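# Inside the fold
Okay, here's what each chain looks like letter by letter:
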Amino acid sequence: MDYKIKDIEKTFDGEIIENLGNNEYVIKINDNKHQIKILKMDSKGIEFVLDQKYHRAKYLENSTNEMNIIIDNVPITINMHTDLDKIVYKHSGGSGTSDSQLTLKSQIPGKVVSIAVQEGDLVKQGDVICTLESMKMQVAIKSHKNGSIKSIKVKIGGTVAKSDIVAEIE
């Protein structure tokens, strides 16, 4: 996701610039590129390796636009991009999301909190298929193409891993 990190002394602008697969990404913080690998992520926090150095973050609280966390015992406030669902959709390219593909895959892990469509519904590219809760935030998973919902592969209350099929759209 695109984000700003601020603490008492500094503000950093960041964005994901490449998805390497297997929970590895190239990110840009200010004008510097870094490689990050997500080791573990759940509702309590995240463990990751950034430029070959291990870090652990614990979520404290968050709102729609701000998340308070502790990374390696340092409190940090992250101002989240206000269009997080659009950013996830922007970065969801790759396997399973081209216009010709039947399957819509989740690009993030999460818990299914709502399903906006039923089998047989007609959808347009960008329509919300379901909403996931991930890292205490709700993120809309949107259709990658125009079509008809052939099948829905998730259930409310169920969990979805990254790359799991959410729906089949003909």
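Use the structure listed above.
Residues numbered from 1 in each chain as written. Predicted model: local features only at pLDDT ≥ 70, side-chain atom pairs only at ≥ 80, totals over all residues. Heavy atoms only, no water.

Let us look at the overall build of the chain. Assigned secondary structure in the chain consists of one helix and 16 strands. Looking at the chain as a whole, 39% of its 170 residues qualify as buried. Considering only contacts within the chain whose residues lie at least 6 apart along the sequence, 42% involve residues at least 24 apart. Working note: accessible area of the chain is about 9900 Å², and carbon and sulfur atoms make up 48% of it. (Helix = DSSP H or I, 4+ residues; strand = E, 2+ residues; numbered from the N terminus. Buried < 20%, exposed > 50% of the residue type's maximum accessible area, 1.4 Å probe, protein only. Contact = heavy atoms within 4.5 Å. Areas by Shrake-Rupley, 256 points an atom, 1.4 Å probe, with all protein chains shown as cover.)

Here we come to the environment of N30. Tracing the backbone through its elements, the reader meets N30 in the loop between β3 (24-29) and β4 (32-41). With 15 residues separating them in the primary sequence, N30 and E15 have C-alpha atoms 8.8 Å apart.

Before going further, it helps to examine the sheet that holds strand β12 (residues 128-134). Pairing between the strands of a sheet is mediated by backbone hydrogen bonds and can be parallel or antiparallel. Pairing is antiparallel across the open sheet formed by four strands, whose spatial order is β13-β12-β10-β15. Of all the strands in the sheet, the pair left with one neighbour each is β13 (137-142) and β15 (159-160). Bridge count for β12 against β13 is six bridges, and the pairing is antiparallel. By the bridge assignment, S134 is partnered in β13 with M137. (Pairing = 2+ DSSP bridges.)

Considering only enclosed or pocket space, the second largest pocket measures out at about 180 Å³ in volume. Lining of the second largest pocket is provided by twelve residues; of these, S43, G110, E133, S134 and M135 occupy positions nearest its centre. Its residues placed into classes, the lining of the second largest pocket shows four nonpolar, four polar and four charged. (1 Å grid on protein atoms, 1.4 Å probe; cavity = no way out; pocket = protein on both sides within 12 Å on 5 of 7 lines; lining within 4 Å. Points joined across faces, edges and corners; volume = space filled by probe spheres on them. Nonpolar A, V, L, I, M, F, W, Y, C, P; charged D, E, K, R; others polar.)

To continue, consider the sheet that holds strand β9 (residues 103-105). Across the sheet, four strands lie side by side as β9-β16-β14-β11; this open sheet has antiparallel pairing. With one partner strand each, in any of the chains shown, β9 and β11 (122-123) form the two edges of the open sheet. Pairing of β9 with strand β16 (residues 165-169) involves three bridges; the strand directions are antiparallel. In the strand pairing of β16, K105 is matched with I165.

Within the element layout of this structure, Q101 appears in the loop between α1 (84-90) and β9. For the pair Q101 and E168, spaced 67 residues apart in sequence, the C-alpha separation works out to 8.7 Å.

Read these as spatial facts, not as claims about activity.
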